[in-house]
Amino acid sequence: MAQPERRGPQVLNIGEVLAQLSGDFPGMTASKIRFLEEKGLINPRRTPAGYRQYSDGDVERLRFVLALQRDQYLPLKVIKDYLDAIDRGERPENLPPGVVVSPRVVSDELAAELQSRGRKLTEEQLRTESGASVPLLQSLLSFGLISHTNGQFDEHALQVARACVQLESHGLEPRHLRPFQAAAEREFGLVERVVAPLASRKDAASQARAAEAAREISDLCLTLHRALVQDHISRMDI
């Protein structure tokens, strides 16, 4: 009786990888995959002729990177630090809440977690999940601290609402927080000017580099802001 044929690990070309990813990441292109390789986030094998060969593990690694970048708004450097630690057999302690990973694999639980973070919320869901009252939510909308598209709110609005619920308990109302919105707009303007040369190019690789540079600069600005505020707090005579 003939023995069933044993198949080795699946090997994919870049077009086949795009076909697998396009459903969850419609904007994915070959240039973006090569950009992620350039940043050291994936390392596909090469044929003697130099053609890339992707394994199932490479595809799952790409899913992990793209999901964290899209849904958790993390810079690629931070994601790479996670992956490097995971590849060393470590368990990164500062992963986003609820995210559990194993080397080169995205579990069903992780996929569900990341998908939930990318969902849209109705006003009622936003109030329920943030704990915001109707008057507070109306004030946040009135002062431009949150916005919606066709009645749908995103993860940013949820984060803002949760923070403002906590700040309200300290006596800080949305009208007191308008300087934060103005500062965020100024910071965005600064980031936008820095990445403008890359963003003006229409190829996918340049667009990916512009987006990643914007994330890195924003992260550094937040670090600077936090340090400056903490410096003033440390000078308080308490």
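Reading the values: rules and limits
Residues numbered from 1 in each chain as written. Predicted model: local features only at pLDDT ≥ 70, side-chain atom pairs only at ≥ 80, totals over all residues. Heavy atoms only, no water. Helix = DSSP H or I, 4+ residues; strand = E, 2+ residues; numbered from the N terminus. Buried < 20%, exposed > 50% of the residue type's maximum accessible area, 1.4 Å probe, protein only. Contact = heavy atoms within 4.5 Å. Areas by Shrake-Rupley, 256 points an atom, 1.4 Å probe, with all protein chains shown as cover. Axes fitted to C-alpha atoms, helices over the stretch in contact; angles between N-to-C directions. Parallel < 35°, antiparallel > 145°, perpendicular 65-115°, else oblique. Left-handed = near helix turned anticlockwise from the far one by under 90°. Nonpolar A, V, L, I, M, F, W, Y, C, P; charged D, E, K, R; others polar. Polar contact = N/O pair within 3.5 Å; in protein donor to acceptor, adjacent residues only side chain to side chain. Arc of directions from axis to C-beta.

- The name that an unreviewed UniProt entry assigns to the protein is DNA-binding transcriptional MerR regulator, with the source organism given as Pseudarthrobacter oxydans.

## Quick notes on the overall build of the protein
No. 1: Each helix and strand in the protein was counted, giving 10 helices and two strands.
No. 2: For the protein, buried positions account for 31% of its 238 residues.
No. 3: Relative to all contacts within the protein whose residues are 6 or more apart in sequence, the contacts with residues 24 or more apart total 56%.
No. 4: Here the protein has roughly 15200 Å² of accessible surface; of this, 53% comes from carbon and sulfur atoms.

## Re unusual backbone geometry
No. 1: With a phi close to 55°, Asn 150 is a non-glycine residue in the positive phi region.
No. 2: By the element assignment, Asn 150 lies in the loop between α7 (134-142) and α8 (155-168).
No. 3: The exposure class of Asn 150 is exposed, given its relative accessible area of 76%.

## A few points about the packing of helix α1 (residues 14-21) against helix α3 (residues 56-71)
A packed helix pair is summarised by two numbers, namely the angle formed by the two axes and the spacing between the axes.
No. 1: For the pair α1 and α3, interaxial distance at closest approach is 11 Å and the crossing angle is 50°. The orientation of α1 with respect to α3, classified from their angle, is oblique. The element α1 and its partner α3 pack so that their crossing is right-handed. Only Val 59, Leu 62, Arg 63 and Leu 66 of α3 make contact with α1, whose side of the interface consists of Val 17, Gln 20 and Leu 21.
No. 2: Among the residues forming the contact of α1 with α3, the class breakdown is five nonpolar, one polar and one charged.

## Let's talk about the side chain of Glu 37
No. 1: Residue position: Glu 37 is located in helix α2 (residues 30-38).
No. 2: A residue is classified by how much of its surface remains accessible, and Glu 37, at 16% relative accessible area, is buried.
No. 3: Side-chain polar atoms of Glu 37 contact the side chain of Arg 46, separated by 3.4 Å.
No. 4: Contacts of Glu 37, omitting those with residues within four sequence positions, involve Ile 42, Pro 44, Arg 46, Arg 52 and Tyr 54.

## Concerning the environment of Ser 31
No. 1: Among the structural elements, Ser 31 can be located in helix α2.
No. 2: Distance in space between the C-alpha atoms of Ser 31 and Ala 208 is 8.7 Å, their sequence separation being 177 residues.

## Regarding α1
No. 1: Restricting attention to buried positions, one finds in α1 the residues Ile 14, Val 17, Leu 18 and Leu 21. Looking down the long axis of α1, one finds its buried residues gathered within 100° of arc, a one-sided arrangement.
No. 2: Those residues of α1 that are buried lie in contact with α2 and α3.

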